[in-house]
Amino acid sequence: MSDLFSKFDPLIQQRDELLATGLTDPFNLVMEKVESPTVAICNGKRTILLGTYNYMGMTFDPDVIAAGKQALDDFGSGTTGSRVLNGTYGGHKAVEEALKDFYAMDHAMVFSTGYQANLGVISTIAGKDDYIVLDIDSHASIYDGCALGNAQIIPFRHNDVEALEKRLKRIPEGADKLVVLEGVYSMLGDVAPLKEMVAVSKANGAMVLIDEAHSMGFIGENGRGVAEAQGVIDDVDFIIGTFSKSVGTVGGFCVSNHPKFEILRLVCRPYVFTASLPPSVVATAATSIRKLMDSADKRAHLWENSKRLHAGLCQLGFELGSKEPQSAIIAVIMPDLEKGAAMWEALLNEGLYVNLARPPATPAGMTLLRCSLCALHTEEQVGEILGMFAAAGRATGCIS
Ligand SMILES: Cc1ncc(COP(=O)(O)O)c(C=O)c1O
C-alpha cells in the first residue's frame, strides 16, 4: 500500500533529531494565560511577547472588547453561512464601511482570513492566459492565489526594481498583467520601494495589487501602509490586508477603487464558498479599525520602540535583517537551525517569546529569530528585552 506521508520523512527526521537534544518544541508553545498585548504566561512564567502581530495592541482595547461582547449577545456566536446567502449581517457591512473610510476608497470586501483574501482576489482576477509578476519572497497566500487561478507566474528578485521592469517588458504584447507586491516583507521586516515599482508597473500597463498585511495601522500618516507612506496609494488598484495583525482579531479584506469591483462578490470562490466571519469578530474589527484612524501617538511610540530595539540589538553584536529599522519587525539572523532553536529556548527561559522562523517561510534558507514590536511595549520593556537578548546570546555563544 502506498504511504502518502513518506514525502514528509526528511522533515520528521529533522524534527525528531532536534527534539531528541531535549529542546522545547519551538512550534508548539502554549500561552497558558494572556494578560495583555505584551505579556503572557508560558510554562508558568511571565513572558514578554515579542513575536505576535499585535502591532497596535488592540486585542485588549476596552471598546473593542465591549463591541465584541455586545455583538455576541445581539447576533449569536456565528452566521452559519456564506456572505452571499445568510451570512451577511449588519456588522459585515459596518466593517466594510469602516475599511472604506480608513483607506478612503470606494469598495471594500471582507474575507474570513487574509490568506483567503489573497487566494480569492488573485485567483479570480488573473486566470490562465494572464501574467502575474511577483516578488520572489512573496507570502505563501500570494503564491497559492496564483496557483489557484492558474496564471503564468513570473517572479523577480526581491525588491529589485530593474528586475521587475525587465520581466514586465518580456510579457507578450496584449496580455493582461498583474504585479503583486507587499508593503513590508514579514520575514526580514524590510519595506518595498513601492514608489519606483508602482511607477514601472503602470508605465508597462500592469494592474497593481499590494499586500499591506504588516503595515496597516502603523506605516503611513493615516496608517494606510507603505503605499501611503511613499505617496503612491492612488495608483494602486487593489490593497489586500488582514484583521489578524494591527486590527487584533481575524479576517481579511481587499479595498479598491475599481468601478467593477463589486462583481467579485459573485465570482470569487474563496468568498462565496465559505462561511462568513462571526458577528463578534466583525464588530471588534470595525471598532478597532475606526480607532486606528486616530492613533498617531501610538504609531510614533511604535517607531521609537523599533528604533530602540534595532539599535540595541546591533550594539550587542547581532546580525539583523535590515540595516535600518524599517517596520515593526526586526529579524535577528541565526547561523543555523540548531543555534536558532537554542537561542529561542534560552530567550524563553529568560521570559521572552520571539518567533523562530525557518525555511520554507524564510528567504535564502535563513533561520531567523523574528521580533515584532507592539505600540504598547513600554520603554522599560524594550530595555528588559535587550537584557534578555544579551544574556541568552552569551549563554548560547551567539554573541561574545
Ligand atoms: C504578507 C501576508 N499576507 C497575508 C497573510 C495572511 O493573513 P491571515 O493571518 O489573515 O490569514 C499573512 C499572514 O501572516 C501575511 O504575512
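Residues numbered from 1 in each chain as written. Predicted model: local features only at pLDDT ≥ 70, side-chain atom pairs only at ≥ 80, totals over all residues. Heavy atoms only, no water.

## Quick word on the site of the ligand
To keep things clear, this is the line we draw: Put simply, a residue is near a molecule or strand once any heavy atom of it comes within 4 Å of that molecule or strand. The definition of a polar contact used here is a pair of N or O atoms within 3.5 Å, where within protein one atom must be able to donate a hydrogen and the other to accept one, and adjacent residues in sequence count solely through side-chain atom pairs. A run of H or I in DSSP counts as a helix once it spans at least four residues, and a run of E counts as a strand once it spans at least two, with each numbered from the N terminus. Amino acids are sorted into nonpolar (Ala, Val, Leu, Ile, Met, Phe, Trp, Tyr, Cys and Pro), charged (Asp, Glu, Lys and Arg) and polar (every other residue, Gly among them).
In the region of the ligand, 14 residues are neighbours, and Gly114, Asp211, His214, Thr242 and Lys245 sit closest. Within the side chain of Thr242, one N or O atom sits 2.6 Å away from an oxygen atom of the ligand. In this structure, an oxygen atom belonging to the ligand sits 2.9 Å away from a side-chain N or O atom of Ser244. In terms of residue count, the dominant contributor to the shell around the ligand is helix H4 (residues 114–125) (3 residues). Here the residues of the shell around the ligand are counted per class, giving 2 nonpolar, 9 polar and 3 charged.

## Quick notes on the sheet that holds strand S8 (residues 207–211)
This is how the line gets drawn: Note on pairing: DSSP must find at least two bridges between two strands before they are called paired. An axis is simply a line fitted to the C-alpha atoms; with a helix, the fit covers only the stretch in contact. Between two such axes, the angle follows the N-to-C directions and lies from 0 to 180 degrees. Any pair of residues with heavy atoms lying within 4.5 Å of one another is described as a contacting pair.
Here 7 strands make up an open sheet; going across it, the order is S4-S10-S9-S8-S7-S5-S6 and the pairing mixed. Every other strand in the sheet has two partners, leaving strand S4 (107–111) and strand S6 (152–156) as the edge strands with one partner each. Between one strand axis and the next, the sheet turns by 20 degrees as a mean value, whatever way the strands run. Where strand S5 (residues 131–135) lies against S6, 5 bridges are found, and the strand directions are parallel. Across the sheet, Leu134 pairs through a bridge with Pro155, a residue of S6. Contacting S4, strand S9 (238–242) and strand S10 (252–256), helix H3 (residues 90–103) crosses the sheet at an angle of about 130 degrees to S4.

## Points about helix H1 (residues 9–20)
Our working definition: What a helix should span is 1.5 Å times the count of its residues minus one.
Between its first and last C-alpha, H1 extends 16 Å over 12 residues, near the 16 Å set by a 1.5 Å rise per residue. Where H1 terminates, the next one or two residues include Gly22, which has phi positive at roughly 95 degrees.

## Some details on the domain arrangement of the protein chain
Let me state the cut-off plainly: An automatic or database domain assignment supplies the residue ranges for each domain. The quantity reported as buried area is the accessible area (1.4 Å probe) lost by two parts once they are put together, taken as the sum for both. Each reported salt bridge corresponds to a side-chain nitrogen of Lys or Arg within 4 Å of a carboxyl oxygen of Asp or Glu.
If you check the domain split of the protein chain, you get domain 1 (20–49 + 295–396) and domain 2 (62–292). One C-alpha centre belongs to domain 1, the other to domain 2; they are set 27 Å apart. Counting residues at the interface gives 18 residues for domain 1, matched by 18 residues for domain 2. Carbon and sulfur atoms supply 61% of the area buried between domain 1 and domain 2, which totals about 1500 Å² over both sides. Contact with domain 2 buries area across many residues of domain 1, yet Arg299, Gln326 and Ile329 alone supply 38% of it, more than any other trio. The tally of links between domain 1 and domain 2 comes to 0 salt bridges. Of all elements in the fold, only helix H12 (296–316), strand S11 (329–334) and strand S14 (367–372) reach the threshold of two or more residues within the side of domain 1 that touches domain 2. No other element matches H12, which puts 3 residues into the side of domain 1 that touches domain 2. Its residues placed into classes, the side of domain 1 that touches domain 2 shows 10 nonpolar, 6 polar and 2 charged.

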